[in-house]
Amino acid sequence: FNSLLSDCLRPDSAKNAERILSELDEDDLADWDFVKISGMGYINAMCVPHFDATGSNGVSRAEHAQEIMAKQPDGPAIGIDENAAFVVEGDKAMVVSGDGKATCHVVVTDEVTGGTASVPISYGEEPVPLEELLELPEPSKAPHFKNLEDHIETDFKVVDDVQDDSHEMPSNASEEAENKDIQESHDEETYPKIVAVGQSKAFQLPAIVDKVIELSRKDKPKILYIGTASFDRSDKFNMVTKTFRELECDTERLNVSETDDIPSTEEMRRLVVEWADVLLCSGGNTLHALLRWKEVGLDLLMKEASKKGTVLAGGSAGAGCWFNSLLSDCLRPDSAKNAERILSELDEDDLADWDFVKISGMGYINAMCVPHFDATGSN
């Protein structure tokens, strides 16, 4: 790391530790302080090993790390619990828990208050960009997110009447038999093709993945993952696309959650309309996603893609967005980019203080969607 919180001045941090331990009394053994020293610089952060432990000086390593960072706010820190590992592969990183409980933590200084925040890292099966992981405690930069409740009444409908837009089959049976080519052309243009799933993780279930592939009419469809609702977090991308990638489907990402991430309209059109066989939308904060899609014109590109037979798929938020309306938990306190930080800072009562709201969807299905129908909210 760039630096580390060290107990190198501990009296018994020596070759003859046993002798020192036998000669000094408890007060002498506790008479030392942690110090911040330089590391070799492979990881641009301060390391705090034994993050879940207290030193023989009676000082919590986690608490002392936050004190040092408040005094010297020169970047984030990574706290490593004793039974966890922080693993770096090039520009990506992940956490491995040895006992299923221990993890690592990102510690940052709050530029506004001058205080610090410590956020546990949700360990996954695949690494994510190290830079993204170090920004885990940071909130979304989307301007609307600070006043999300002001947008509940926004109309996101882009489809007026799917039935009028859809392609009609010939009414005469003999006509159908004589015009096989016409029917095949119709089949290729079936509109809309939607797979709305109750939760994003269900895209790891074979039956659901098989249906998406079947509707695409490709053995290995090209999957465009749109993770706006989950703030384009790589851990969510890894989870939702895992099975498709294992099946060797080409998979791309389209990031538009944050204002500095938006590609050009031409690039969005290339991916959404020209390249993708499946648009795979993540779960998360539906209202945030719909607002971003409307702001950048992605909603209209999705509509254009759907009319050429592209499969519209998604779980939770990515399911409800295709309906006329949906029952949403978008005002849940932790339905945010920095969910882990919010979960660590709020108590149970605050986390439960929210209501479901009915918001507009894009209108492909003339009904209200209720994802997670068999589940109970944190409220």
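Everything that follows concerns the structure shown earlier in this document.
Residues numbered from 1 in each chain as written. Predicted model: local features only at pLDDT ≥ 70, side-chain atom pairs only at ≥ 80, totals over all residues. Heavy atoms only, no water.

Some words on the overall build of the protein
No. 1: Within the protein one finds 15 helices and 17 strands.
No. 2: Its C-alpha atoms give the protein principal-axis dimensions of roughly 100 × 40 × 40 Å.
No. 3: Burial statistics for the protein: of 379 residues in total, 45% are counted as buried.
No. 4: Across the protein, contacts joining residues at least 24 apart in sequence account for 76% of those joining residues at least 6 apart.
No. 5: Of the accessible surface of the protein, which amounts to about 19400 Å², a share of 47% is contributed by carbon and sulfur atoms. (Helix = DSSP H or I, 4+ residues; strand = E, 2+ residues; numbered from the N terminus. Buried < 20%, exposed > 50% of the residue type's maximum accessible area, 1.4 Å probe, protein only. Contact = heavy atoms within 4.5 Å. Areas by Shrake-Rupley, 256 points an atom, 1.4 Å probe, with all protein chains shown as cover.)

Brief notes about helix H8 (residues 206-216)
Since the α-helix advances by 3.6 residues per turn, residues separated by three or four positions end up pointing in the same direction.
No. 1: Of the positions making up H8, those classed as buried are Val-209, Val-212, Ile-213 and Ser-216. Along the axis of H8, the buried residues cluster in a sector spanning 95°; they form a single face. H8 presents Ala-207 and Glu-214 as exposed residues on the side facing more than 90 degrees away from its buried surface.
No. 2: Where H8 is buried, its residues meet strand S10 (193-197), helix H9 (234-246), strand S13 (278-281) and strand S14 (311-315).
No. 3: Just beyond H8, the residue with positive phi is Arg-217, at close to 60°. (Arc of directions from axis to C-beta.)

Quick word on the pairing of S14
Side-chain direction in a regular strand flips from residue to residue, so the side chains alternate between the two faces of the sheet.
No. 1: Within S14, 5 of the 5 residues are buried, which leaves the element mostly enclosed by the surrounding structure.
No. 2: Neither face of S14 is left uncovered, since the one carrying Val-311, Ala-313 and Gly-315 and the one carrying Leu-312 and Gly-314 both have all their residues buried.
No. 3: In the sheet, S10 pairs with S14 via 5 bridges, with the strands oriented parallel. Bridge assignment links Ile-194 to a residue of S14, and that residue is Leu-312.
No. 4: The sheet contact formed by S13 and S14 spans 4 bridges and is parallel. Residue Val-278 lies in a different strand from S14, and its bridge partner there is Val-311. (Pairing = 2+ DSSP bridges.)

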